[in-house]
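The primary structure of each chain is shown beneath.
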Number of protein chains: 2
Amino acid sequence: MQISKFMTPEIIFGNQSIGQVGESLRRLGASRVFLVSDPGVVQAGWVERIIHYLRQQHLDYHLWTNVTANPKDYEIHAGIAAYRAGECNAILGVGGGSAIDAAKAIALLATNEGSIVQYEGVDRIMHPLPPMVMVPTTAGSGSEVSQFSIIVDSERKVKMTIVSKSLIPDIAIIDPQTLMTKDRQLTANTGMDVLTHAIESYISLAATPLTEVHSLQAMRLIAEHLRPSVASQYNAAAKQAMAMASLQAGIAFSNAILGAVHAMSHQLGGFLDAPHGEVNAILLPHVLEYNYIAAPEKYRQIAECLGENTSGLSTHDASRLALKAVKDLANDLDVPQSLSAIGLHPEQIELLSSLALLDVCMTTNPRDMSVQDVAALFRQAL
Amino acid sequence: MQISKFMTPEIIFGNQSIGQVGESLRRLGASRVFLVSDPGVVQAGWVERIIHYLRQQHLDYHLWTNVTANPKDYEIHAGIAAYRAGECNAILGVGGGSAIDAAKAIALLATNEGSIVQYEGVDRIMHPLPPMVMVPTTAGSGSEVSQFSIIVDSERKVKMTIVSKSLIPDIAIIDPQTLMTKDRQLTANTGMDVLTHAIESYISLAATPLTEVHSLQAMRLIAEHLRPSVASQYNAAAKQAMAMASLQAGIAFSNAILGAVHAMSHQLGGFLDAPHGEVNAILLPHVLEYNYIAAPEKYRQIAECLGENTSGLSTHDASRLALKAVKDLANDLDVPQSLSAIGLHPEQIELLSSLALLDVCMTTNPRDMSVQDVAALFRQAL
């Protein structure tokens, strides 16, 4: 038995929990808050509401919204300059995975010197970060509870994975109401991203009994609630369940890490600026098929949690139903099925495959992979 | 939907994880450690090993072992005087629930003035506590991950429940090897205590999807591993599984709180100095029977996790199997079945029943209780 570690932020979950953002920051000793968000979230009205709660607690703030999808190193460097100029002493991230990852990377540079690219990899952070509160507005990234921040190195066109306990926020506030403003496509893509988190963390070599319960519960919630959540923008019960699924998958993957789907999709995100959830959804069935021999018994569990009837079936037959269930879900949600549709060209595959092998997430994939194996999977998904 | 909160310490779990105690304290900024334990744990050799790890990290320490089962207020007051005299700046608890609860109460008084009795109840702690690392040596109390400390008010002869997020230790180190030194009776009693934590947290009014997965997994582990763990002192796989069960139940009840079993057993602990695990084991079947109508569907889940075959059964019939499973387990383990055997007299029941109604744990019990209801349950268990 290896020694395993498990850690989460303080989690506040529920409708109206967003109202606790001011007192949460106050409690952590904040006085001037660097508020990281993006223009879409501002337009949806959430930032205005957040600012109202900050004012109620007499907190100053500096709003910074220069974040794009797949946040870039230069955006982080501009962000930390603004943080310093604003003399802030705490960080609040409000938005999807990009805004929260950017907020965490800026927090990193608030107390650790140099460029963000120096911190790629595991445990490179030397000094404690300023207080961080995160409010996700998509049920997907799990970044609000994770020890990850994914930032693009714009020179190398590579998504860097930065991993450290220091990146776990102090407080995560998850208010399912904030999910009502997502469109159908984003709901489907981020939902498939949650499914990928749940499955990859469950079959990860670093999974533990503490993470497995959260992975499996996330799958059950997705099986029951993702379709209805995509079907109607106003299905509050489904949105709430998907917020819980995202949270549980986030707790699981923060501690168990992920696998080849993420190692591969990070490269497409860095190279093509492709949307993360969509790429994961395309890659998941192919990687699942490849990984199958590493964990047939776990695939049976996945099939059961995704609603398949496995009673009376052999492990082999039951576990194959996991693949069927994932494909059925992707079909029902009309998620894209081809990487060429998002701009991947065959001649790029060799480079992206070698980079994927170096990604932190590849180290916990349950089946060994050569560069040829990765390339074959990219080609299957073309 | 109510707003729910969830929080755990950083958890380090596995054989040999005890070797990380020095660097864990060092990482939290400790230089002089107040080491709280009890004579039994010293005799088993764990304290000597711990001190070795502290010395490796050049940490000074002050050993304090004046803790009894059901720790008393005056022991805490003597402890904080020794902490101050020793000029310590961090707390390390090594032992069962009593040693860890005492360590947490001493940490409380290190930064908060007055007597420990002033802090009874919820959220009375004003100032942050010194760094705390906890190393449990019984799989039972869950105190190493919980926001509870239970201390006896010796004047009133009442077990006070102190509840605050501040009481959650910074780091919990769970090394299943430390459980090999428990005797059969202690293994059975603490195992039934874990079962009580799992069940009461699951049917608690404050249970959430984040806590329920841990409650249910604890039950599955208990159903499979508690009997073998009691059967052999040297069954390492069973001890390891019970350590994980205790941890998962601890995470669950720290966040979902408990119920009437604990509200009642706290009174017997305070009044008769009765062993906590044993009292819980006696009370559990009676309280479960009483609480049944509050959550039949949850009782079905309990039955399934405890290994009963519920397929094809109505909710009523399936849920009744939860009661059978708990009684079967208590029978198999030879745990005592009567409160009179541990010294309860009928004339004490009225007083203890009124006190139980005031206990924090009663507020989350899923079925309402009058003083007559509590008294009737005490009488049934006599």
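Rules and cut-offs
- Residues numbered from 1 in each chain as written.
- Chains lettered and ligands numbered in written order.
- Predicted model: local features only at pLDDT ≥ 70, side-chain atom pairs only at ≥ 80, totals over all residues.
- Heavy atoms only, no water.
- Axes fitted to C-alpha atoms, helices over the stretch in contact; angles between N-to-C directions.
- Helix = DSSP H or I, 4+ residues; strand = E, 2+ residues; numbered from the N terminus.
- Parallel < 35°, antiparallel > 145°, perpendicular 65-115°, else oblique.
- Left-handed = near helix turned anticlockwise from the far one by under 90°.
- Contact = heavy atoms within 4.5 Å.
- Salt bridge = Lys/Arg side-chain N within 4 Å of Asp/Glu carboxyl O.
- Polar contact = N/O pair within 3.5 Å; in protein donor to acceptor, adjacent residues only side chain to side chain.
- Nonpolar A, V, L, I, M, F, W, Y, C, P; charged D, E, K, R; others polar.
- Pairing = 2+ DSSP bridges.
- Core = buried A, V, L, I, M, F, W, Y, C linked by side-chain atoms within 4.5 Å.
- Buried < 20%, exposed > 50% of the residue type's maximum accessible area, 1.4 Å probe, protein only.
- UniProt positions renumbered as here; feature names shortened; annotations may be inferred.
- Domains from an automatic or database assignment.
- Buried area = accessible area lost by both parts, 1.4 Å probe.
- Least-squares fit on C-alpha atoms with pLDDT ≥ 70 in both.

Some thoughts on the packing of helix α9 (residues 260–272) of chain B against helix α10 (residues 276–291) of chain B
Relative placement of two packed helices is described by the angle separating their axes and the distance separating the axes.
Residue and element names in this part refer to chain B.
Here is step 1 of the chain: Direction vectors running N to C along α9 and α10 enclose 140 degrees, while the axes themselves pass 9 Å from each other. Here α10 runs oblique to α9, going by the angle between their axes. Handedness of the crossing formed by α9 with α10: right-handed. Between α9, through Ala260, Val261, His262, Met264, Ser265, His266 and Leu268, and α10, the contact on the second element is made entirely by His276, Val279, Asn280, Leu283, Leu284 and Val287.

Brief notes about the interface of chain B and chain A
Here is step 1 of the chain: Across the contact, 31 residues belong to chain B and 31 residues belong to chain A.
Here is step 2 of the chain: At the junction of chain B and chain A, the tally comes to 2 salt bridges.
Here is step 3 of the chain: Of the charged contacts in the structure, one is a salt bridge between Glu10(B) and Lys165(A), with a shortest N-O distance of 2.9 Å.
Here is step 4 of the chain: Applying the counting criterion to the chain B and chain A interface returns 11 residue pairs in polar contact (both at pLDDT 80 or more).
Here is step 5 of the chain: Listed by contribution, the elements that provide at least two residues to the side of chain B that touches chain A are β1 (4–6), β2 (10–13), α7 (209–231) and α8 (236–256) of chain B.
Here is step 6 of the chain: Residues belonging to the side of chain B that touches chain A are distributed by class as follows: 15 nonpolar, 12 polar and 4 charged.
Here is step 7 of the chain: Pairing between strand β1 (residues 4–6) of chain A and β2(B): 3 bridges, direction antiparallel. Among the inter-strand pairings, Phe6(A) is bridged to a residue of β2(B), identified as Ile11(B).

Topic: the nonpolar core
Here is step 1 of the chain: Ranked by internal contacts, the top residues of the largest apolar core, which has 162 residues, are Leu339(A), Phe378(A), Leu339(B) and Phe378(B).
Here is step 2 of the chain: Among all residues touching Leu339(A), those that are not within four sequence positions of it are Leu268(A), Val279(A), Ile282(A), Leu283(A), Leu344(A), Phe378(A), Ala381(A) and Leu382(A).

Focus: the side chain of Ser229(A)
Here is step 1 of the chain: With respect to the helices, strands and loops of the structure, Ser229(A) is situated in helix α7 (residues 209–231).
Here is step 2 of the chain: In this structure, Ser229(A) is in contact with Thr187(A), Ala238(A), Lys239(A) and Met242(A), ignoring residues within four places of it in sequence.

Some points on the UniProt feature "domain: Fe-containing alcohol dehydrogenase-like C-terminal" (unreviewed entry) in chain A
Here is step 1 of the chain: Here the UniProt feature "domain: Fe-containing alcohol dehydrogenase-like C-terminal" (unreviewed entry) sits at residues 187–381 of chain A.
Here is step 2 of the chain: Taken end to end, residues 187–381 of chain A is 71% helix and 0% strand, and its first and last C-alpha atoms sit 22 Å apart.

Focus on the domain arrangement of chain A
Residues and elements named next belong to chain A.
Here is step 1 of the chain: Structurally, chain A comprises domain 1 (10–178) and domain 2 (182–380).
Here is step 2 of the chain: Taking only C-alpha atoms into account, the centre of domain 1 sits 25 Å from that of domain 2.
Here is step 3 of the chain: Taken together, the contact between domain 1 and domain 2 spans 28 residues of the former and 32 residues of the latter.
Here is step 4 of the chain: Buried area between domain 1 and domain 2, summed over both chains or domains, comes out near 2,300 Å², and the portion from carbon and sulfur atoms is 64%.
Here is step 5 of the chain: Taken together, the connections running from domain 1 to domain 2 amount to 1 salt bridge.
Here is step 6 of the chain: Across the pair Lys72 and Asp273 runs a salt bridge, and its minimum N-O distance is 3.6 Å.
Here is step 7 of the chain: Linking domain 1 with domain 2 are 3 residue pairs in polar contact (both at pLDDT 80 or more), by the criterion used here.
Here is step 8 of the chain: Elements supplying a minimum of two residues to the side of domain 1 that touches domain 2: β2 (10–13), β6 (121–122), β8 (148–153) and β9 (158–163).
Here is step 9 of the chain: It is β9 that contributes the most residues to the side of domain 1 that touches domain 2, 4 residues altogether.
Here is step 10 of the chain: Counted by class, the side of domain 1 that touches domain 2 contains 13 nonpolar, 11 polar and 4 charged residues.

A few points about the relation of the copies chain B and chain A
Here is step 1 of the chain: The transformation that overlays chain B on chain A combines an axial shift of 0.0 Å with a rotation of 180 degrees, and the residual RMSD is 0.0 Å. In symmetry terms, the pair is related by a two-fold rotation axis. Considering only C-alpha atoms, the part of chain B nearest the rotation axis is Val213(B), at 2.9 Å.
Here is step 2 of the chain: Counting the interface residues of chain B, we find that 100% of their copies in chain A are interface residues as well, pointing to one common contact surface.

Looking at unusual backbone geometry
All names here are of chain B.
Here is step 1 of the chain: Positive phi values are uncommon outside glycine, yet Asn70 reaches one of about 55 degrees.
Here is step 2 of the chain: Unlike most non-glycine residues, Asp123 shows phi in positive territory, near 60 degrees.
Here is step 3 of the chain: Structurally, the position occupied by Asp123 is in the loop between β6 (121–122) and β7 (132–136).
Here is step 4 of the chain: The exposure class assigned to Asp123 is exposed, which follows from its relative accessible area of 54%.

As for the sheet that holds strand β9 (residues 158–163) of chain B
Residues and elements named next belong to chain B.
Here is step 1 of the chain: Spatially, β6-β9-β8 is the arrangement adopted by the 3 strands of the open sheet, whose pairing is mixed. Across the chains shown, the open sheet's two edge strands, defined by having one partner strand only, are β6 and β8 (148–153).
Here is step 2 of the chain: Pairing analysis gives 6 bridges linking β8 to β9, with the strands arranged antiparallel. Across the sheet, the residue bridging to Ser149 is Ile162, located in β9.

Overview of the pairing of strand β5 (residues 90–95) of chain A
All names here are of chain A.
Here is step 1 of the chain: With 6 of 6 residues buried, β5 lies mostly within the body of the structure.
Here is step 2 of the chain: The alternating pattern of β5 places Ala90, Leu92 and Val94 and Ile91, Gly93 and Gly95 on opposite faces, both of which are buried.
Here is step 3 of the chain: The pairing of strand β3 (residues 32–36) with β5 spans 4 bridges and is classified as parallel. Bridging across to β5, Phe34 finds its partner in Ile91.

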